Amino acid sequence: MIPITKVVFGPEHEQQVLGVLKSGQIAQGAKVAEFEGLCASMAGTRSAVAVNNGTTALVLALRALGVGEGDEVITSPFTFAATLNAIIEVGATARFGDIDESYNLDPNTVEPLITSRTKAIMPVHLYGLPAQMESFQKISSRNGVFLIEDAAQAHFASTEGNKPVGSYGLGCFSFYATKNLTSGEGGVVTVNDPQLEESMRTLRNQGMKQRYQYEVPGYNFRMTDLAAAVAIPQFASASEMISIRQENASKLSSELERIEGLSVPRSAEKTNHVWHQYTIRLTEESNITREDLANILQEESIGYGFYYPRAVYDYDCYRNHPRVLIENSSNAELFAKSVISLPVHPHLTDSDLDRIVSVVQTAFSQ
Ligand SMILES: *Cc1c(COP(=O)(O)O)cnc(C)c1O
């Protein structure tokens, strides 16, 4: 079996975790502080606030910016439900632009949606490909709206402006088990503004600046030192792991791009794509359906995923939701029917890559 993701831990992780266990202090402490420092340098920001997952990172960012009832947030229609759930959670209203062939939110579809109620734009760096942040930054300053980056899939990616993702607005990362860097469950918000940082630290910890001095109704969004210890060693190996992902993606594309009816993923010019997922798309010229291809991969024991099988709002619970405003996101709806992600993780061997290529080639030549 060639799995779609694979997590490998070495002695350096065991040593870190054992160190925390032996210290007897397993909740938020010194390891979380160390983790925050590593995250701030990853995103090139002044600081970072660690939380218990990527969804709460988004909620914390929205709350710190004062986004709530009556406010609109514009995001991508092609993302994981967490992006939308965070907007709903804080009481705001979600609106959607459309994606382009990069699968990321197209800035041209965002500006027409801006109204006096718009409080933030929340682009997603899908599959590890940075969204067009230089454009979003212009739109944001022209219209006086905040930027929040859903960087859950894009640790260490950098934009067309040669800046790290997470350095434009508040940068929300996930450290869930399947992400490029992981702590099992975990998240972080990268931040430059000291006031926003302080507000997030307070909200994260039941609204307290000092023990039992409640400033605001808050949450328990704290990360544990145990989780931080799992993530810490991965920062040192991140650039090597990302290089392998990039090599794997280019090996796959150099063969798969020759297949008629199949569109291979592109890395936009000047950006550093970190290949959380390698996602191909069956075009109108394809002689097989996505389900045919999925069945063949299944038979050949090659992992795959539909990321994502529908536009994020395309479920009854969102279609019937009063605070989810649906526009015409036709690319998202079309691509959701035709994308399929193949393994690209750094633990693939050359023979795994050859096998993936030949199985896909054979599927299309039937
Ligand atoms: C994983 C993910 C999240 C949520 O992160 P969790 O840590 O699972 O809560 C949010 N947005 C996107 C795009 C993701 O892929």
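Calculation criteria
- Residues numbered from 1 in each chain as written.
- Predicted model: local features only at pLDDT ≥ 70, side-chain atom pairs only at ≥ 80, totals over all residues.
- Heavy atoms only, no water.
- Buried < 20%, exposed > 50% of the residue type's maximum accessible area, 1.4 Å probe, protein only.
- Helix = DSSP H or I, 4+ residues; strand = E, 2+ residues; numbered from the N terminus.
- Polar contact = N/O pair within 3.5 Å; in protein donor to acceptor, adjacent residues only side chain to side chain.
- Pairing = 2+ DSSP bridges.
- Contact = heavy atoms within 4.5 Å.
- Axes fitted to C-alpha atoms, helices over the stretch in contact; angles between N-to-C directions.
- Parallel < 35°, antiparallel > 145°, perpendicular 65-115°, else oblique.
- Left-handed = near helix turned anticlockwise from the far one by under 90°.
- Nonpolar A, V, L, I, M, F, W, Y, C, P; charged D, E, K, R; others polar.
- Core = buried A, V, L, I, M, F, W, Y, C linked by side-chain atoms within 4.5 Å.
- Near = heavy atom within 4 Å.
- Areas by Shrake-Rupley, 256 points an atom, 1.4 Å probe, with all protein chains shown as cover.

Participant: How would you sum up helix α3 (residues 54-64)? Please name residues and give values.
Facilitator: For α3, the tally of buried residues reaches nine of 11 residues, placing the bulk of the element in the interior. The set of residues buried in α3 consists of Gly54, Thr56, Ala57, Leu58, Val59, Leu60, Ala61, Leu62 and Ala64. Backbone nitrogen of Thr55 and a side-chain oxygen of the N-cap are separated by 2.9 Å at the start of α3; the cap is Asn53. With its phi angle positive at about 75°, Gly66 sits one or two positions after the end of α3.

Participant: Go over the sheet that holds strand β10 (residues 262-263) with me, naming the residues and quoting the values.
Facilitator: The antiparallel open sheet is built from three strands, whose spatial order is β10-β11-β13. Each of the sheet's edge strands pairs with one partner strand only, and the pair in question is β10 and β13 (339-342). Bridge count for strand β11 (residues 278-282) against β13 is four bridges, and the pairing is antiparallel. When the sheet's bridge partners are listed, Ile280 is paired in β13 with Ile340. This element, helix α8 (residues 290-299), spans β11 and β13 of the sheet and lies at about 20° to β13.

Participant: How would you explain the packing of α8 against helix α11 (residues 350-364) if you had to name every residue and give the values?
Facilitator: Each pair of packed helices gets described by two things: the angle between the helix axes and the distance between those axes. At a minimum axis distance of 10 Å, the contact between α8 and α11 shows a crossing angle of 135°. It follows that α8 is oblique to α11 by the angle criterion. In the crossing of α8 with α11, the sense of the turn from one axis to the other is right-handed. Contacts between α8 and α11 involve Leu293, Ile296 and Leu297 on the former and, on the latter, Val359, Val360, Ala363 and Phe364. Taken together, the residues that form the contact of α8 with α11 break down as seven nonpolar, no polar and no charged.

Participant: Report on the packing of helix α2 (residues 30-43) against helix α7 (residues 225-256), specifying residues and quantitative values.
Facilitator: With their axes 8 Å apart at the nearest point, α2 and α7 run at an angle of 40° to one another. When you trace α2 past α7, the crossing you get is left-handed. Residues Ala30, Lys31, Val32, Glu34, Phe35, Leu38, Cys39 and Met42 of α2 pack against Asp225, Ala228, Ala231, Ile232 and Phe235 of α7.

Participant: Help me get a handle on the nonpolar core, residues and values and all.
Facilitator: It is characteristic of soluble globular proteins that their nonpolar side chains tend to be buried jointly. Counting 48 residues, the largest nonpolar core has Leu62, Phe78 and Ile148 as the members making the most contacts within it. Considering each element in turn, this core owes the most residues, seven residues, to α3. When neighbours within four sequence positions are excluded, Ile148 is seen to be in contact with Leu58, Ala61, Leu62, Leu65, Ala120, Ile121, Met122, Pro123, Leu170 and Cys172.

Participant: Account for the pairing of strand β6 (residues 170-174), naming residues and giving values.
Facilitator: Taking burial as the measure, the five residues of β6 include five buried ones, the bulk of the element. Covered by surrounding structure in β6 are Leu170, Cys172 and Ser174 together with Gly171 and Phe173, the residues of both alternating faces. Summarising the sheet, strand β5 (residues 146-150) and β6 pair through three bridges and their orientation is parallel. Residue pairing in the sheet places Asp150 in a bridge with Cys172 of β6. Alignment of β6 against strand β7 (residues 187-191), held across four bridges, turns out to be antiparallel.

Participant: Run through the site of the ligand, naming residues and quoting values.
Facilitator: The local shell around the ligand holds 16 residues, among which Gly54, Thr55, Asp150, Ser174 and Lys179 are the closest. Here an oxygen atom of the ligand sits 2.7 Å away from a polar atom, N or O, in the main chain of Gly54. Note that an oxygen atom of the ligand is positioned 2.6 Å from one of the side-chain N or O atoms of Lys179. Here the ligand has 380 Å² of accessible area as a free molecule, and 93% of this is covered by the chains. Counting residues per element, the ones that place at least two in the shell around the ligand are α3 and α4 (81-89). Residue composition of the shell around the ligand, by class: six nonpolar, eight polar and two charged.

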